[in-house]
Every structure is written in C-alpha cells, then in structure tokens.
Amino acid sequence: MVSASSPLPKDLVPSENKWSAEEQNASRRAKWWYSTFHTVTAMIGAGVLSLPLAMAYLGWGPGIMVLVISWCMTLNTLWQMIQLHECVPGTRFDRYIDLGRHAFGPKFGPWIVLPQQLIVQVGCDIVYMVTGGKCLKQFMEMACTNCTQLRQSYWILIFGGVHFFLSQLPNFNSVAGVSLAAAVMSLSYSTIAWVGCLSKGRIDNVSYAYKRTSPADNMFRIFNALGQISFAFAGHAVALEIQATIPSTPEKPSKVPMWKGVIGAYFINAICYFPVALIGYWAFGRDVDDNVLMGLRRPEWLIASANLMVVVHVIGSYQVYAMPVFDLLERMMMKRLNFPPGILLRLIARSAYVAFTLVVGVTFPFFGDLLGFFGGFGFAPTSYFLPSIMWLIIMKPKRFSTKWFVNWASIFVGVFIMVASTIGGLRNIITDASTYSFYT
C-alpha cells in the first residue's frame, strides 16, 4: 500500500520494487497483530447478527454445514492469497489487481479482478453507511426517550459526516487505532448477542421447522441465506493491501507474520459467528428476527450498548474497505488529470468518494438487498473461488493431487453460491423497490 503523499508511477504497473527500496517506505511498518484486527474489522460486520435468520431458512444440518464449509474454504483461499503476495522473488503484489495482472495477464487481469473487488469495497461502504445510521438512530432513541426523533436519513448523514474527517488519514497504519477499536466492538456485540440469547433461553413454543412459504419463495429465501453467509466472509478484498503494510525481507517474508495474524482473526471469527448463529437460532427458532439483538428487548441498556458498538465497528470497517479505493482514485487522478500528490489530492478524491457512498446510502437504505445481488459477483469470487483459480494458474499443482481437487471444489461451490445469491438478491430488490418511498 503506497501512501497518498508518495510519488507514484503513472502507468500503474504492479508493485515490483525490491525489498531494499520498499523497506525505506514508512508505510511498511505493521506488526503481525495489525493484520489480525484489520482482518477482523474487514470480515466481521453487523451481518453476523443476521446469521440466525440464515439458519432459520437452512435448518440445523445444512446451516451448520454451510457455515463450517465457508469458514474452511475462505481460510484456505486467504492462505493462498498470502502465499501469492510474494510468489515472484523480489516482487510484492500489493493490490488484488496487481495479482490479477500477474495471473491473467495485463490485458484481462484488471477486467477480471477490479470490478469484483470494487463491488465488495464500495458495496460494503454503502451498507455500512446505512447500518451505522440505523444503529445510531436506535441507540439515541433508547438513550434519550424524550428527545425529538429524527428521520433515519438524518442519522445516516450524521454518521457519514464522521468519515469526511477520518478519510483524510493517509494509509492503513494511520487507521490502526480505529480498526483496533472496531475489532474489539465486533467481538463485544457478538458476545452480547449470544450471551443474551443464552440467558434468555428458548422462547415459548419454539419451532425449528422450516417456515411455511410457497416452494418458489422458500427457494429464493434459501438462496438469500447463502448470500448472507457468504457476505460474512468478505475480508479477502483487502487482504493484499493489509499484507502490503507488513515489512518483508528474503529472510523474513511478510507471509509469516500475515498468516499468524490471520489465524488469530479466524479464531475471533469463529467465536463470533458460530455462537451467534447457533445459540440465536436455538433461542428463537424460525421466529428469529433479522437482527437477533431485537429479539432480546430487555434490558434496554444492553441493546443500546450493542447498537453503539455496531456504530463504532462500522466506522472502522468503512475505513478499512475505503483505503484501497482511495489509493485507486488517487492513482487515476494523478495519471489522467496530472494531479500532484499531496493534501489537495487526498481532500478532493476521498471527500468525493465519501459523498458518493453517503448519497447512495441515504437514497437506498435497503441497499443490503442490492448487495445480495451485486455481492454475487463480488463476494463469492473474491473470497471463495478467484484465489483458487489464480493458484491453479500460477502455482500449477499436479493434476488430481489433493491441492488440485481442493481448488476445483472451491471453484464449483463458489460459483454455485455466486449464482444463487445473485438470484435471491435480485428477487429481494424487486420486492422491496415496489413498496419503497424515497427519503423517508
């Protein structure tokens, strides 16, 4: 990851600087634990609170199976990306698009990788705008019952205003404190969710039977549930950018501390996702809310605190996903508009991006449905099967070997999830848009 204030090559070629030169770059000073909380912040979002609903449509057996397979598959593909970061001696592929150029060629690589990565990054940032505004509204209404209630749109604007300031931080290292706070918050509100469900116990007449809907509606909801689970494993889109902040030498390559940090992140991921999904479904069964915290209701201070934690978390998550986009925008403006690097470039490019995500979030506060559709093109490829395709092309494992079978299995499963979540998301877009009133 190159600092916005550093001179950049105008042809935007992959990062091919030697270690001796790169080690002079102040942006490469991160420790292994930086990758832990950056990955946690990027991966664990407010979507963890909807995992019990996904379980309600999939059931105990299929739901647990999909969660476990997704956890194992995405850990494997993340390991592959970490290894491929320096698969060419003396070269570091600091961005997903750089690795895509190396795997698919300079002509097709950007077209294969960049659209999918941008869908994940920009889509997440818009969803986080909406999520942050909604949770901030809910927190304030619980904390101040006598205060004048504001429209949801205003709360999204207030939340978005924070990012006009945070977006001026130059690189990943500078948002380390924000990212650490976000990682702690994600663990905290996830713990509140499953401990609250456990202490509440099962509701009266709890049922684990599938919801009674038409066969077509049930199919779409199952597809959407697959999309919800795949959305929960979306940290791959910024993995190379995170690894780029870690120093590397031939004796101590960056893949060692990065993998150490990712193992920690996936451990935190497991203790967040699995208890929330399983205990939340156990407590409420098929009647679980799309936000499991809403089913707890009491005590109010607990729900209010959890909502505030979600706000803090999505503030950090927004910045983690936005940093690679900021880098791309600044490179494009320097190349095509001959903008000099510096504070003015950062102010214009980053403020424009924040304003764009804010406007879209205010206009389409049901963007989670849109993300279910577009996420089919972005989340499943970047996390489930695109790293496997690049591994087959670059590393060329022996045909019919264990690694060969594992990669092809990831590709087939990932493509199915991509198609299914796209269909489910499209159906939800049509359903919600037919009854939606703008700016309410």
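Calculation criteria
- Residues numbered from 1 in each chain as written.
- Predicted model: local features only at pLDDT ≥ 70, side-chain atom pairs only at ≥ 80, totals over all residues.
- Heavy atoms only, no water.
- Phe/Tyr/Trp six-rings, centres within 6.5 Å; stacked < 30°, edge-to-face > 60°.
- Helix = DSSP H or I, 4+ residues; strand = E, 2+ residues; numbered from the N terminus.
- Buried < 20%, exposed > 50% of the residue type's maximum accessible area, 1.4 Å probe, protein only.
- Patch = residues over 30% accessible without salt bridge, like charges linked within 9 Å, V, L, I, M, F, W, Y side chains within 5 Å.
- Areas by Shrake-Rupley, 256 points an atom, 1.4 Å probe, with all protein chains shown as cover.
- Salt bridge = Lys/Arg side-chain N within 4 Å of Asp/Glu carboxyl O.
- Polar contact = N/O pair within 3.5 Å; in protein donor to acceptor, adjacent residues only side chain to side chain.
- Contact = heavy atoms within 4.5 Å.
- UniProt positions renumbered as here; feature names shortened; annotations may be inferred.
- Core = buried A, V, L, I, M, F, W, Y, C linked by side-chain atoms within 4.5 Å.
- Axes fitted to C-alpha atoms, helices over the stretch in contact; angles between N-to-C directions.
- Parallel < 35°, antiparallel > 145°, perpendicular 65-115°, else oblique.
- Left-handed = near helix turned anticlockwise from the far one by under 90°.
- Nonpolar A, V, L, I, M, F, W, Y, C, P; charged D, E, K, R; others polar.
- pLDDT = per-residue confidence, 0-100.

J.: Hey, could you run me through the packing of aromatic side chains in this one?
T.: Each aromatic ring pair is summarised here by two numbers: the centre-to-centre distance and the angle between the ring planes. Using the criterion set out here, one finds 14 aromatic pairs in the structure. Ring geometry for Y208 versus Y281: centroids 5.3 Å apart, planes at 70 degrees, classification edge-to-face. On the criterion of sequence distance, the pair formed by Y208 in the loop between α8 (176-200) and α9 (215-231) and Y281 in helix α11 (residues 255-284) is long-range, its members being 73 residues apart. In this structure Y208 comes out as partly exposed when scored by relative accessible area, which is 24%. A relative accessible area of 0% places Y281 in the buried class. The rings of F400, W404, F405, W408 and F412 are connected pair by pair, giving a single aromatic cluster.

J.: Teacher, can you tell me more about a nonpolar patch on the surface here?
T.: Taken together, the side chains of L150, Y154, L157 and I158 make up a nonpolar region of the molecular surface, amounting to roughly 340 Å² of accessible area. By the element assignment, L150 lies in the loop between α6 (109-143) and α7 (152-166).

J.: Explain the pattern of salt bridges here, please?
T.: Side chains that carry opposite charge are capable of pairing whenever their charged atoms lie near each other. Inspection of the entire model under this criterion finds six salt bridges. One salt-bridge network, held together by shared partners, links R95, D98 and R101.

J.: Any chance you could explain the side chain of S186 here in plain terms?
T.: By secondary structure assignment, the location of S186 is in helix α8. From its side chain, S186 meets the backbone oxygen of A183 in a polar contact 2.7 Å long.

J.: Help me out: how do you make sense of the side chain of S167 in this one?
T.: By the element assignment, S167 lies in the loop between α7 and α8. The buried category is assigned to S167, whose relative accessible area is 0%. Not counting residues up to four positions away in its chain, the partners in contact with S167 are Q319, F326, R350 and V354.

J.: I tried to follow the UniProt feature "transmembrane region" (unreviewed entry) in the protein chain on my own but got confused; where do I start?
T.: The feature "transmembrane region" (unreviewed entry), as given by UniProt, occupies residues 57-79, 152-169, 175-198, 262-284, 304-326, 347-367, 373-393 and 405-430 in the numbering adopted here. In the segment residues 57-79, helix accounts for 96% and strand for 0%; the C-alpha atoms at its two ends are 31 Å apart.

J.: For this particular structure, what's the right way to read the nonpolar core?
T.: It is characteristic of soluble globular proteins that their nonpolar side chains tend to be buried jointly. L49, I229, F233, Y273, V292, L293 and Y321 are the most contacted members of the largest nonpolar core, which totals 99 residues. Examining the composition of this core, we find that 15 residues originate from one element, helix α12 (residues 300-336), more than from any other. When near neighbours in sequence (up to four residues on either side) are disregarded, Y321 contacts A42, M43, V120, Q121, C124, D125, Y128, A234, G235, A237 and V238. The next biggest cluster of nonpolar side chains, apart from the first, holds 13 residues, and it includes L84, V113, M390 and I394.

J.: Help me understand the environment of F284, please; the structure alone is not making it clear to me.
T.: With respect to the helices and strands, F284 occurs in helix α11. Considering only alpha carbons, one finds F284 and G201, 83 residues apart in sequence, at a separation of 8.6 Å. Sequence-distant contacts of F284, defined by excluding residues within four places in its chain, comprise C197, K200, I203, V206, V292, G295 and L296.

J.: Would you explain unusual backbone geometry in this entry?
T.: With the exception of glycine, the majority of residues adopt a negative phi angle, and the majority of peptide bonds are in the trans configuration. Phi is positive for N338, close to 55 degrees, though the residue is something other than glycine. Here N338 is to be found in the loop between α12 and α13 (343-363). The exposed category is assigned to N338, whose relative accessible area is 54%. For F400, which is not glycine, the phi dihedral falls at a positive 70 degrees. Along the polypeptide, F400 turns up in the loop between α14 (367-394) and α15 (402-433). The class of F400 is exposed, set by a relative accessible area of 55%.

J.: Would you mind showing me how to read the environment of A42 here?
T.: Tracing the backbone shows A42 in helix α2 (residues 32-43). Judged by relative accessible area, which is 1%, A42 ranks as buried. C-alpha of A42 to C-alpha of Q121: the two residues are 79 residues apart in sequence and 9.7 Å apart in space. Beyond its immediate chain neighbours, meaning those up to four positions away, A42 contacts Y128, G235, V238, V320 and Y321.

J.: Looking at this model, I keep getting lost on the packing of α7 against α13. Mind explaining?
T.: Packed helices, taken two at a time, are described by the angle between their axes plus the distance between the axes. At their nearest, the axes of α7 and α13 sit 10 Å apart, and the two run at 165 degrees to each other. For the element pair α7 / α13, the angle class is roughly antiparallel. As for how α7 packs across α13, the hand of that crossing is right-handed. Note on element contacts: α13 touches α7 through S351, V354, A355, L358, G361 and V362, opposite S153, I156, L157, G160, H163 and F164. Across the contact of α7 with α13, the residue classes break down as seven nonpolar, five polar and no charged.

J.: How should the packing of helix α4 (residues 60-84) against α11 be read in this particular structure?
T.: Running from N to C, α4 and α11 cross one another at 170 degrees; their axes reach a closest spacing of 11 Å. When the axis of α4 is compared with that of α11, the two are roughly antiparallel. From α4, W60, I64, L67, V68, W71, T74, L75, L78, W79, I82 and Q83 reach across to α11, where they touch K255, M258, W259, V262, Y266, N269, A270, F274, A277, L278, Y281 and W282. Here the contact of α4 with α11 is composed, by residue class, of 19 nonpolar, three polar and one charged.

J.: Which parts of the structure should I look at to understand the environment of C272?
T.: Relative to the elements of secondary structure, C272 occurs in helix α11. In this structure, the C-alpha to C-alpha distance between C272 and L49, residues 223 residues apart in sequence, is 9.7 Å. Residue contacts for C272: discarding those within four places in its chain leaves I44, V48, S186, L187 and S190.

J.: What should I look at first to understand the confidence of the model for the protein chain in this one?
T.: Caution is warranted with low-pLDDT regions, since their predicted coordinates should not be read in detail. Per-residue confidence for the protein chain gives a mean pLDDT of 82, with 86% of residues at or over 70. Per-element averaging of pLDDT across the protein chain places helix α1 (residues 19-22) at the bottom with 40 and α4 at the top with 93. Within the model, the stretch residues 1-26 combines pLDDT values under 50 with 59 contacts to residues more than four positions away or in other chains.

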